[in-house]
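Structural description and commentary
Take a look at the letters that make up each chain.
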Amino acid sequence: MSVFEGKHILLGVTGSIAAYKAADIASKLTQAGAEVDVVLTEHARRFVTEVTFRAITRRPVLIDLFDEPEERQIAHIHLAKRADVLLIAPATANILAKLAVGLADDLLTTLALATQAKVVIAPAMNTVMWQHPATQHNVRILEERGALFVYPAEGMLACGDVGAGKLADTPTILSAVETALAPPLRGVRLLVTAGPTEEPVDAVRHLSNPSSGKMGYAIAQEAVRQGAEVTLVTGPTLLDPPAGARVVRVRSAQQMLDACLQVYDGVDVVIAAAAVSDYRPAEVWQGKRKKGEEEWTIRLVPNPDILRTLGERKGGRILVGFAAETHELLENAQKKLLEKNLDLIVANDVSQEGTGFRADTNRVTLLWASGRQEQLPLMSKREVARHLLQAVCDLLRAAKATKGASA
Ligand code: PMT
């Protein structure tokens, strides 16, 4: 049975050139067994008509706040209570701003305030409008409140510009609605490490690496979206903390190990994306060491290997590591998979443009302990996170089946 069967979806359509694509979404949801009530804003009606949606959903289309299709029912309260998901697709910059401040000046915004259903938002707009700090701020506010965003795709926009702003495709939007209805990682406790570590040399200097935290934060954010209870242990980064995750900030490898061990008993899955410094200065200079003419030799000692330590006391947990390599990618990754007692390792070639450290995109190969391998093309770190979490779901399912069979 489809996850949509018998579910009540409120589909809000706002005034974007992409509004016509909402007809396909309504159609696919209806075909999958959902009861779809479409709400058009006044601006949406400039692009599409209610006739299309009425024919597709075989239900009245709602426009006015004071419409009452069912007698003795206050439409917006009744619909808001019945909804399993409120999907807004396409969502304009205007609706994002209204939702962020809690404005209720038409049926859709009033419904959004009155509902306790999960909200899924698929924005579509011009690239500059999407990237505007005001819009990004509103997205962040709504994510913090629990809204699930289907970020716009990149491509040629109706205005002729090329960039991010295209409404995501229907399968991606439907998959987000599915996630909202049945979060695949609900009940899973996940520990993610991210960012670099800093190993102090003196009061103003440290050893570190170029990790921005983007990869680990994308995993934490996507895992929250998929219903996991996420603890993010992060080295110093400039990123905003992922909405909905518990964030523990650390500086050095030793602090990262301590923070991980503190929560380890209560986690089911670990994903270690942090770039941990393998060495630290043996002695830390007190205060700032003054510049001089003479050479300064710093003796380095090995740091603890966090993931290996966790692997030694693995229990029934799923452990996932990354391997940042510049050569012999798969051989080195395979070695780390075995040495650290992992279920899965993400081999990350950090020597290429657009991959690894700091980039928004990544190119990785997944290597399972079972010997299976999957090479992924260059994609956004968010997409890498999605693939990885799909693999984690499969591992959890397999572990559960094995446990069930042996019980
Ligand atoms: O943060 P970004 O700018 O987005 O960049 C992403 C990334 C390149 C940092 C990320 O994709 C990545 O590859 N992370 C792993 C980096 C790394 O340290 O790899 P490694 O091959 O040295 O370590 C192997 C594994 O052991 C990693 O999971 C690492 O977190 C872990 N490790 C390593 C050393 C150590 N002392 N303790 C550890 O736990």
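All values derive from a computational prediction rather than experimental measurement.

Once that is clear, we can look at unusual backbone geometry. Following A89, the chain continues into P90 via a peptide bond in cis, with omega recorded as -5°. Its identity as a non-glycine residue notwithstanding, E328 has a phi of 45°, on the positive side. Tracing the backbone through its elements, the reader meets E328 in the loop between strand 16 (318–325) and helix 12 (329–339). On the basis of relative accessible area, E328 is assigned to the exposed category, the value being 51%. A positive phi angle, near 70°, is found at R358, a position not held by glycine. By secondary structure assignment, the location of R358 is in the loop between strand 17 (344–349) and strand 18 (361–362).

This brings us to a nonpolar patch on the surface. A grouping of L207, Y279, W285, W296, I298 and L300 is seen on the molecular surface, where their side chains present a nonpolar patch of about 540 Å² in accessible area. With respect to the helices and strands, the residue W296 is situated in the loop between strand 14 (279–281) and strand 15 (300–302). Overall, the relative accessible area of 32% leaves W296 in the partly exposed class.

Turning to the environment of E154, a few remarks are in order. Here E154 is to be found in strand 6 (residues 153–156). Considering only alpha carbons, one finds E154 and L174, 20 residues apart in sequence, at a separation of 19 Å. For E154, the contacting residues outside a window of four places in its chain are G163, A164 and K166.

Right, let's get into the environment of M256. The topology assignment puts M256 in helix 10 (residues 253–264). Counting along the chain gives 23 residues from M256 to V233, while the straight-line C-alpha distance between them is 6.8 Å. Residue contacts for M256: discarding those within four places in its chain leaves T193, A194, T197, V233, T234, G235, V250, A274, V276 and I306.

What follows covers the pairing of strand 17. Burial analysis of strand 17 places six of its six residues in the buried class, the great majority of the element. Here strand 17 shows no split at all, with L344, V346 and N348 on one side and I345, A347 and D349 on the other all buried. Direction of pairing for strand 16 relative to strand 17: parallel, over a ladder of six bridges. Across the sheet, residue E325 finds its bridge partner in strand 17, namely D349. Viewed along the sheet, the connection from strand 16 through helix 12 into strand 17 turns out right-handed. In this structure, strand 17 lies alongside strand 19 (residues 364–368), joined through five bridges in antiparallel fashion. Of the residues in strand 19, the one forming a bridge with N348 is V364.

Attention now moves to the site of the ligand. The ligand sits among 27 residues. The nearest are S211, S212, A274, K336 and N348. At 2.6 Å from an oxygen atom of the ligand is found a side-chain nitrogen or oxygen belonging to S211. Within the side chain of K381, an N or O atom sits 2.7 Å from an oxygen atom of the ligand. Here the ligand has 770 Å² of accessible area as a free molecule, and 96% of this is covered by the chains. Take the shell around the ligand: its biggest share by element is four residues, from strand 16.

The final tally for this structure, using the stated rule, is three aromatic pairs. Ring geometry for F149 versus Y151: centroids 6.2 Å apart, planes at 25°, classification stacked. There is no split in this pair, since F149 and Y151 are both buried. The interplanar angle of 65° and the centroid separation of 6.2 Å between the aromatic rings of W285 and W296 together place this pair among those described as edge-to-face. Highlighted residues: W285 in the loop between strand 14 and strand 15 and W296 in the loop between strand 14 and strand 15, separated in sequence by 11 residues. Its relative accessible area of 40% is what places W285 among the partly exposed residues. By way of ring pairs, the aromatic residues W130, F149 and Y151 are connected into one cluster. For R317, the ring lying beneath its charged end belongs to Y264, and the centroid distance is 3.9 Å. Note that R372 overlies the ring of W368, its terminal NZ or CZ placed 4.0 Å from the centroid.

Right, let's talk about the pattern of salt bridges for a bit. All told, the structure shown has 24 salt bridges when counted by the stated rule. Linking D105 and K98 is a salt bridge whose minimum nitrogen-to-oxygen distance equals 3.0 Å. D105 sits in the partly exposed class, given a relative accessible area of 48%. Measuring nitrogen to oxygen at the nearest pair gives 3.8 Å for the salt bridge that ties R140 to D240.

Accessible area lost during the coming together of the parts is what is often quoted as the interface size. In terms of domains, the protein is made up of domain 1 (8–181) and domain 2 (189–281 + 294–406). Here the C-alpha centre of domain 2 lies 35 Å away from the C-alpha centre of domain 1. Contact residues are listed per partner, giving seven residues for domain 1 and eight residues for domain 2. Together, the buried faces of domain 1 and domain 2 total about 680 Å²; carbon and sulfur atoms form 51% of this surface. For the pair domain 1 and domain 2, the interface holds two residue pairs in polar contact (both at pLDDT 80 or more). Of all the secondary structure elements, the ones that give two or more residues to the side of domain 1 that touches domain 2 are helix 7 (133–144) and strand 5 (148–149). For the side of domain 1 that touches domain 2, the element with the most residues is helix 7, which contributes three residues. A breakdown of the residues in the side of domain 1 that touches domain 2 according to their chemical character gives three nonpolar, one polar and three charged.

The rules we used
Residues numbered from 1 in each chain as written. Predicted model: local features only at pLDDT ≥ 70, side-chain atom pairs only at ≥ 80, totals over all residues. Heavy atoms only, no water. Helix = DSSP H or I, 4+ residues; strand = E, 2+ residues; numbered from the N terminus. Buried < 20%, exposed > 50% of the residue type's maximum accessible area, 1.4 Å probe, protein only. Patch = residues over 30% accessible without salt bridge, like charges linked within 9 Å, V, L, I, M, F, W, Y side chains within 5 Å. Areas by Shrake-Rupley, 256 points an atom, 1.4 Å probe, with all protein chains shown as cover. Salt bridge = Lys/Arg side-chain N within 4 Å of Asp/Glu carboxyl O. Contact = heavy atoms within 4.5 Å. Pairing = 2+ DSSP bridges. Right-handed = clockwise from strand over helix to strand, strands pointing away. Near = heavy atom within 4 Å. Polar contact = N/O pair within 3.5 Å; in protein donor to acceptor, adjacent residues only side chain to side chain. Phe/Tyr/Trp six-rings, centres within 6.5 Å; stacked < 30°, edge-to-face > 60°. Lys NZ or Arg CZ within 6 Å of the ring centre and 35° of its normal. Domains from an automatic or database assignment. Buried area = accessible area lost by both parts, 1.4 Å probe. Nonpolar A, V, L, I, M, F, W, Y, C, P; charged D, E, K, R; others polar.

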